[in-house]
Amino acid sequence: VLSIDLDLQKRAEELLQGKEGAIVVLDPRSGECLVWASSPSYDPNRFITRFSPEEWLSIISDRARPLENRVIRGLYSPGSIFKMVTALTSLETGLISDRTSFFCSGSINLYGKEFACWFKPGHGNMNLSEAIKNSCNVYFYQLGRRLNIDTIARYARTLGLGKLSGVDMPGEKEGLVPSTDWKRKAQGEAWYPGETISVAIGQGPILVTPLQVAALTACVANRGIKVKPRVTRADSKTWSEQEKTGFKPETFEKIIEGMWCSVNEGGTGQGAYQPGFDICGKTGSTQVISREKDAKMIRRGEEPARTHSWFSGFAPRYNPQLIVTVLVEFGGMGGRTAAPIAGEIFKVYREKYVRQTNLQGN
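Cut-off values and rules
- Residues numbered from 1 in each chain as written.
- Predicted model: local features only at pLDDT ≥ 70, side-chain atom pairs only at ≥ 80, totals over all residues.
- Heavy atoms only, no water.
- Axes fitted to C-alpha atoms, helices over the stretch in contact; angles between N-to-C directions.
- Helix = DSSP H or I, 4+ residues; strand = E, 2+ residues; numbered from the N terminus.
- Parallel < 35°, antiparallel > 145°, perpendicular 65-115°, else oblique.
- Left-handed = near helix turned anticlockwise from the far one by under 90°.
- Contact = heavy atoms within 4.5 Å.
- Nonpolar A, V, L, I, M, F, W, Y, C, P; charged D, E, K, R; others polar.
- Phe/Tyr/Trp six-rings, centres within 6.5 Å; stacked < 30°, edge-to-face > 60°.
- Buried < 20%, exposed > 50% of the residue type's maximum accessible area, 1.4 Å probe, protein only.
- Pairing = 2+ DSSP bridges.
- Expected span 1.5 Å × (residues − 1).
- Salt bridge = Lys/Arg side-chain N within 4 Å of Asp/Glu carboxyl O.

### Structural notes on the packing of helix H4 (residues 83-92) against helix H6 (residues 137-146)
Where H4 meets H6, the axes come as close as 10 Å, and the angle between the chain directions of the two elements is 45°. As far as their axial angle goes, H6 and H4 are oblique. Note that H4 runs across H6; the crossing there is left-handed. Here Lys83, Thr86, Ala87 and Ser90 of H4 come into contact with H6, specifically with Asn137, Phe140 and Leu143. A class-by-class count of the residues in the contact of H4 with H6 yields three nonpolar, three polar and one charged.

Set out below in structure tokens:
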């Protein structure tokens, strides 16, 4: 029996209409997928009867790739979504505490190169919660300067990135978590510290699928307990198939504080806000081309390439019931595009289940 929730699935497909991307909704307690939406899609009924050669060619030659299952086969840089991993790594290794602060002036020079924050005026002095709330690049550049890539890679893999999730669907891709060993084998070159700065904010040679991001968010929501995603209903045995990361639960609370502020206190995730549902979330905007090329296009009067738009979050804050992950290709800033879409999914779930439960309780 499929675990898909028809009402949530319908709404997700409506929200993705005319867009390229994916929406995944998980139950963090069981790993059941309530929504599995990849856009553009196709009409499966057409596979029942024979295609004409013209029809088949139109599908396989479509540049939007409607046959590609973006949920498990779409590979994207996670952008600022990855800041959850960088923050967890920094806390678990004792590099920082939640009170550690850095000053953001809008950019920082590291290794002779200027690294910019997305907010050009700068965020000022920020602690970890504030840095997550406002998705401050400079704060996480500072962490990247103090971490080495292999430490980040080890913690990222522990959290489920760079490997198959084990979902009960064929064709899943592993993604990529870079390391010194990977670069030496793949490119025959040494890893440079400046590359770690980019990875710390989810840029550079790091690739994830939307399902991996949803599973990562479930691990954060569960305070360090991973569940295996599945599209079939879980029985009492599979509900108990959980894996502990070994991280301290209080480490996750410090990340969750920033995610809650992001949605509920005017941070980058405020577009996902739904009154009374206590949503926690993280936005991400994946750079498609270099900032230098982007600036050149603007100077030439050309429309710059837009970024991919991410949001991943959960609700409620305590005893979470729902994970919502949204990826919109070329959607722009995560807070402007992906977060409001996620908010609509949270709204449907709350109206269907939370209010219904409250009414039954009364």
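Anyway, onward from the coordinates.
### Considerations on the packing of aromatic side chains
Each pair of aromatic rings is reported with the distance of its centres and the angle of its planes. Per the counting criterion, the structure on display carries 10 aromatic pairs. Pairing Trp118 with Phe119 gives two aromatic rings, centres 5.6 Å apart and planes at 50°, and the pair type is tilted. Residue classification places Trp118 among the partly exposed residues on the basis of a relative accessible area of 36%. We classify Phe119 as partly exposed; its relative accessible area is 31%. Here the aromatic rings of Phe247 and Phe252 are separated by 5.8 Å at their centres, their planes lie at 25°, and the arrangement is stacked. Each member of the pair, Phe247 together with Phe252, is buried. Through pairs of rings, three or more aromatic residues link up here, namely Phe277, Phe346, Tyr349 and Tyr353.

### Concerning the pairing of strand E4 (residues 107-110)
Alternating positions in E4 separate cleanly, Ile108 and Leu110 being buried on one face and Ser107 and Asn109 remaining unburied on the opposite face. Both E4 and strand E5 (residues 113-116) contribute to a ladder of four bridges, which runs antiparallel. Each bridged residue has a counterpart across the sheet, and for Ser107 the counterpart in E5 is Ala116. Between E4 and E5, which follow one another and run antiparallel, lie two residues, and Tyr111 among them has a positive phi close to 55°.

### Points about the sheet that holds strand E9 (residues 280-286)
With antiparallel pairing, the five strands of this open sheet are ordered in space as E2-E1-E11-E10-E9. Sheet topology places strand E2 (33-39) and E9 at the edges, where each strand pairs with a single neighbour. Here the average twist between neighbouring strands, direction ignored, is 5°. Bridge count for E9 against strand E10 (residues 308-315) is seven bridges, and the pairing is antiparallel. Considered in E10, the bridge of Gly284 is made with Trp310. Each of strand E1 (21-26) and E2 is contacted by helix H1 (residues 6-15), which is oriented at about 25° to E2, the strand it contacts most.

### Looking at the pairing of strand E11 (residues 322-328)
It is a general feature of regular strands that their side chains alternate between the two faces of the sheet. Within E11, seven of the seven residues are buried, which leaves the element mostly enclosed by the surrounding structure. Because side chains alternate across E11, one face comprises the buried residues Leu322, Val324, Val326 and Val328, and the other comprises Ile323, Thr325 and Leu327, equally buried. Inspection of the sheet shows E1 paired to E11 by six bridges, in the antiparallel sense. Looking at the pairing, Gly21 lines up with Val328 of E11. Direction of pairing for E10 relative to E11: antiparallel, over a ladder of seven bridges. Along E11, the bridge assignment pairs Phe314 with Ile323.

### Overview of the environment of Leu8
Tracing the sequence through the fold places Leu8 in helix H1. What makes Leu8 buried here is its relative accessible area of 1%. Beyond its immediate stretch of four places on either side in the chain, Leu8 contacts Leu34, Val35, Ile345, Val348 and Tyr349.

### Details of helix H12 (residues 249-264)
What sets the pattern is the α-helix's 3.6 residues per turn: residues three or four places apart point alike. Taking 1.5 Å per residue, 16 residues should reach 22 Å; H12 reaches 22 Å between its end C-alpha atoms and fits that length. The complete set of buried residues in H12 reads Thr251, Phe252, Ile255, Ile256, Gly258, Met259, Trp260, Cys261, Ser262 and Val263. In this fold, the buried residues of H12 make contact with H4, helix H5 (128-134), helix H10 (210-221), E9 and E10. Backbone geometry just after H12 places Gly266 at a positive phi near 80°.

### Concerning the pattern of salt bridges
Summed over all chains, the structure comprises 17 salt bridges. Lys226 serves as the salt-bridge partner of Glu243, at 3.6 Å between the closest nitrogen and oxygen. Here Glu243, found in strand E8 (residues 242-244), pairs with Lys226, found in strand E7 (residues 225-227); they are 17 residues apart in sequence, far enough to count as distant. Assessed through its relative accessible area of 46%, Glu243 is described here as partly exposed. The shortest N-O distance in the salt bridge between Glu257 and Arg317 comes to 2.7 Å. One end of the pair, Glu257, is in helix H12; the other, Arg317, is in the loop between E10 and E11, and 60 residues separate them in sequence. With relative accessibility at 11%, the residue Arg317 sits in the buried group. Beyond isolated ion pairs, a larger network of salt bridges with shared partners links Asp5, Asp7 and Lys352.

From the geometry alone we can't say anything about function, so treat these as descriptive.
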